[in-house]
Every structure is written in structure tokens, then in C-alpha cells.
Amino acid sequence: MLPFFSRGKKILEQSKAVESSQIEKLDQKLVTSLAGKQFPKIHQWKLLPKFLTLGEKRLLKIIGVAALIGAALFAFFLSRDESRLEPASGGSLHEGVVGTPRFINPIRAASDADRDLARLIFSSLLFYDANGILRNDLAENVETNDSGALYTFTLKEAYWHDGEPVRAEDVLFTIKAIQDPAWKSPLWRSFKGVEVSAIDDRTVQFKLEKPYAPFIHALTVGIAPAHLWHNLDPEIAHLSVWATKPIGSGPWQFDTLTKTKEGALISYTLKKNTGYYGAVPWLDSLTISFYQNLKSALRALKENRIESLAFIPSSMRPELPNKRVNSHPLSIPSYTAVFWNARKNTSLEGAEVRRALSLAIDRQALSKETGGAPLDGLSDLLNAQTENLAKPQNLEEAQNLLSKNGWQKKDSFWQKNGEVLSLTLTSLLDPDYQKISEILAKSWETLGVKTSIATLDPAELKEALKTRNYEALLWGQILGGSHDLFPLWHSSQTDDPGLYLSSIKNRAVDALLENLTAVSDTAKQREGFEKIETLMEENPPAAILLRPTYWYAMTKNAHGVVLQNIFTPADRFLEASAWYVKRKFSFFKVQ
């Protein structure tokens, strides 16, 4: 019986082997029969391992893994190709600002914090582009008559953040409010004697008493909504809801604000204006937080509570958290100078004394200590150069000038008629100003001039400026986009509210300044400045020291930040619509 069962089992196994072989042949026939007809389907691909040897299967696995790794590496390196990354909407940015806003409207904006918010929220007829060139903003078209005393603007179709259309009457109201003493606008000088009229809803006209080339630069001022402001009493307008929750027509609009329990402002959050007539911002929101001083703002940047901070002096740049932020240089047409006031110190009446004091200054030490570019005159500033332009310290020539003026060196100090040549330098309570003051004092003490320093807080300095209560004043001024020296250096502006801070008058300089107000050609303007500088060298009203260099710390997550040419601190926001933190990958982007 056993052989029988053994033989039966063997026959059964042979039958199964034949059956398996036949099935395999049928599978192979099924697959090969489709060749050249159509691409195999998924269930057909599943049969492929049946035709591969063990070595072929291993090779296929190696190729598959290599392909996956290669694809991953390709995607990784492609994603890091900046040329294939494009701006995308979304995200936010948080900036710190030193100071607290009081007048968030273009008519009364007086502080940097005021002007920062006004620049973001309100539009203007004209604005400066990244190259410092005037471009149309609310203005669709600008026409000037042959005499240069009549400007006609046609407005674009634009809307306020509350949906009301922007009209010529808004421009009319803004300019007339600036001219009205009741509004106490710091911009009144720019529109003194200017007649403004609305021709129709979209056309406004400015008529000047005489041609004044720098005037058109004044039209970068923001325009306020007449339908909200025209009935407000100027004396209490700052208490209005529109003063704290402003309505503008710019690319950013008010969203929220935060205050302390005592009512002090902590921050403003602005959201993008999706109905903006120009380029709508990429960022969804922009938050501005306010700090009492630069030290506390810098601490917030280090602690990552804010993402950007502007106007950091070069001396504080090493303190920046460079792993998280980029440092963008901010260079504006500004200068730091010592202004002479002979009304308070009669020793300064002699031009030789003022020239000697200027020659004794170690401008190289000032530049090294502050990071600013040393200057020797206003034409250096206009040439917009940053290399070393200053004349070297010349104590020998300074001593010769003092001797020529009748001073004699006794006991280390210069004396005349029994009086020691002495000088008090008034300066702001500020780290950089203090460093400059110390270097100036050291330079003048080395010359033999007894020097003391009076350091004032902002409120005290404001009063000293108003009353011109100083002998020598260390102060900085911004020239602006118009390069108009008239309000800063003409002797008619000597007393408050004028901006000429020296007591030294020069009729020849005044005449040149008056002539330059009708000049818009850059070459002719530079020629006039050089003539003015020559006269100032002979009879200096001030000692020009430095062009300050500041830095804008901005998170490395922010892109599209362009800061080539700005004329005021608030101008750093002119291109803020182009800033972005979100990016999208474009595989097929063509360069």
C-alpha cells in the first residue's frame, strides 16, 4: 500500500508543477502580448517581479533609492534658488520706533513717530522713488506754466479708507490748514504766500508769488480728508477720534492700537489697504511699537520682541543681533555742525576766531568715533560722497589766526585784554552727541581755548533753540530732497521760528541763497553752493563736521527692502508696499 500512495503523491506534485508552469507562461504571454499596444496597467506592473532574477530585483531597488535621493536633492537645491522664489501675500512685520506719536496727521505731524505713521497712512500728491526722484502719487498729471509760478494737478481716482472719494477739496483743506496759524503746523513756511484753489473735483492749482524751484518738493506732504476734519476746532483736533484712529488714502490703514493702563500708547497695528489705487502691500499687517529711548528699543530687538529698528548710530551697530537681522545703511542729506552765536559770546565776533576753532577740530577722530563721514562744507554734502572729504586738523594755522586777531598765549590759554578765550558748547543729552562734544572740547583745549560742555535734555534744548540761548550749539539738520538752503542759512531766519541757528550775517550769502530759490538745474545749483561755501570759509557761521551714518536693522525674513535714497526718516516706508516675508516657489520661472 505504501508504494501506491507514494506513487500517487509524486504524480500529484508533478501535476501541480506543470500547472504552475502553465500559469507562469500564461502570465508572461499576457504581459508580452501588450507590448507596443498600450502602457501597462497597475495590476500588470505587479507581475513584473515574476520575470526578474534576484540580482535584477536588488539592482532595481538600488536604482529606486538613488532616484528618490536624487529627486529630493534636486528639489532642495532648486528651492534654495532665490531666482525661483517670488513674493507672496501674507505675514506681518513688527517695527520699533523711538518716541510716542501725538499728532498722527500730515498737518500737525511734528515728531519722527508722528511722521512715520502719517507716511504709511496718508497719500501725497508726489513722492520720492528709490532713486530720490519725484514721482506722481495722488497726482495723475502735473503741469507748470512757463514762469514756474503756477502748478496744476489732476488727481487720480482714489478713495479714503472709509470709502469716500479723494477730491480736490481735500487738497485745498490740507494746504489751507497748514497755512492757518490756529493749526500750528510745522510746515507753514513751505506754503507761505501760496494761493491754492480747486478748479473742479479732480483739479487743484497752486499759485506762487514768484518762482520758487524747491516748492514742488513741499507737495510730498500727506493729504488729509476734508469731510472728517474741516469742522474740527484746530485747538482740540488732536483729541478727535480721527487723531488716534486716522483715516487716510495710503497703502496702510488703521487696524488696532494698544495702550497702558494709564493711557500711554504702546503700539499701532496697520493693515494693508486692499482698495489702494497703487501697488497693494504684500504684507497683511505692520505693527509699530513705541519706546522711550533707543536703548530700550534696541533691547526689544535683541529679545526678538520687534523685528526691525531704524536710525541706529554706527557706534551702536556692534550691539545688533546680526544672526537674525540685516543692517541696511541709511544715509540722508543731513549734517552735524557747531553753530556760532556771537550774541552770547563776543569773542566769536571775529571771523579769525571762528576759523581757528574750526581748523582745530579733529574731524578724523569724530569720524572714527561716530562712524559718520567727515565734511568740510555744504558742497561736500551735496556731492553725496562718503569718502574722506575733510581738511586735516591744523593747529598751527589756528594759532596764527588767533594771533592775527590779537590773542596771546599765556599759561596754556589764549588771552586778550585780560580775558581768557573761553567757550561753552551746548549739546543734546545723547550718546553720540556726548562723544562728539568731548572730542570738540579736547580739540579746543589742545588749541588753548577753555571749553565747557552744557548737556541738555530734549525739553531744555528745545527752549535753548527757541531763545537762541547758547554760545556754540552742536546740532544736526536735514537738508531734504529740495536741497533748499534758504530756510536753514539765510540771515532773515535768525530768530525763532526761523531755522538759521547762527548769529553771523552775510549779505553776499543771503543774495546767493535768494537767487538759488529760482534754480532747479542740478549743475547750476551745485555751482551756487560752491560760491556760498567760499564765502562761508572766509566768514564762517558754523563749523560743518559730519554727515551722520545710521543703520536700519531688519529681520532676515524680510525681503524687497530697498533704501537707496531717502530724504527724511519717514521716507524709509515709501517702498514698504514692496516688502514681503512670504514667498512662493516658481518652478517654471523664466529669467
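Preceding block: the structure.
On a predicted model such as this, the values are computed, not experimentally measured, just so you know.

Colleague: Quick question: what am I supposed to make of the environment of arginine 167 here?
Modeller: Here arginine 167 is to be found in the loop between β6 (150-155) and α5 (168-179). By relative accessible area, which is 28% here, arginine 167 ends up partly exposed.

Colleague: Quick question: what am I supposed to make of the side chain of arginine 468 here?
Modeller: With respect to the helices and strands, arginine 468 occurs in the loop between α14 (458-467) and β21 (472-478). No salt bridge is formed by the buried arginine 468; the nearest opposite charge belongs to aspartate 496, separated by 4.5 Å. Polar side-chain contacts of arginine 468 include one of 2.5 Å to the backbone oxygen of leucine 465. Ignoring sequence-local partners within four residues, the contact set of arginine 468 consists of Asn341, Lys344, Gln493, Thr494, Asp495, Asp496, Gly498, Leu499, Tyr500 and Leu501.

Colleague: Help me understand the nonpolar core, please; the structure alone is not making it clear to me.
Modeller: Side chains of a nonpolar character, in soluble globular proteins, are inclined to be buried together. Formed by 57 residues in total, the largest nonpolar core has its most connected members in Tyr335, Val338, Trp340, Leu440, Trp444, Trp489 and Leu545. With six residues, helix α13 (residues 431-447) is the single largest residue contributor to this core. Excluding anything up to four places from it in sequence, leucine 440 contacts Val338, Ile361, Leu366, Leu425, Leu474 and Leu545. Counting 37 residues, the second largest nonpolar core, distinct from the first, contains Val166, Phe215, Leu219 and Ile247.

Colleague: Just checking my understanding: could you explain the packing of helix α12 (residues 395-404) against α13 for this structure?
Modeller: Describing two packed helices takes the angle between their axes plus the distance from one axis to the other. At a closest axis distance of 10 Å, the pairing of α12 and α13 adopts a crossing angle of 60 degrees. Considering their axes alone, α12 and α13 lie oblique with respect to each other. For the crossing formed where α12 meets α13, the hand is right-handed. Contacts from Leu395, Ala398, Gln399 and Leu402 in α12 reach Ser443, Thr446 and Leu447 in α13. Its residues assigned to classes, the contact of α12 with α13 shows four nonpolar, three polar and no charged.

Calculation criteria
Residues numbered from 1 in each chain as written. Predicted model: local features only at pLDDT ≥ 70, side-chain atom pairs only at ≥ 80, totals over all residues. Heavy atoms only, no water. Helix = DSSP H or I, 4+ residues; strand = E, 2+ residues; numbered from the N terminus. Buried < 20%, exposed > 50% of the residue type's maximum accessible area, 1.4 Å probe, protein only. Lys, Arg positive; Asp, Glu negative; His and termini not counted. Salt bridge = Lys/Arg side-chain N within 4 Å of Asp/Glu carboxyl O. Polar contact = N/O pair within 3.5 Å; in protein donor to acceptor, adjacent residues only side chain to side chain. Contact = heavy atoms within 4.5 Å. Core = buried A, V, L, I, M, F, W, Y, C linked by side-chain atoms within 4.5 Å. Axes fitted to C-alpha atoms, helices over the stretch in contact; angles between N-to-C directions. Parallel < 35°, antiparallel > 145°, perpendicular 65-115°, else oblique. Left-handed = near helix turned anticlockwise from the far one by under 90°. Nonpolar A, V, L, I, M, F, W, Y, C, P; charged D, E, K, R; others polar.

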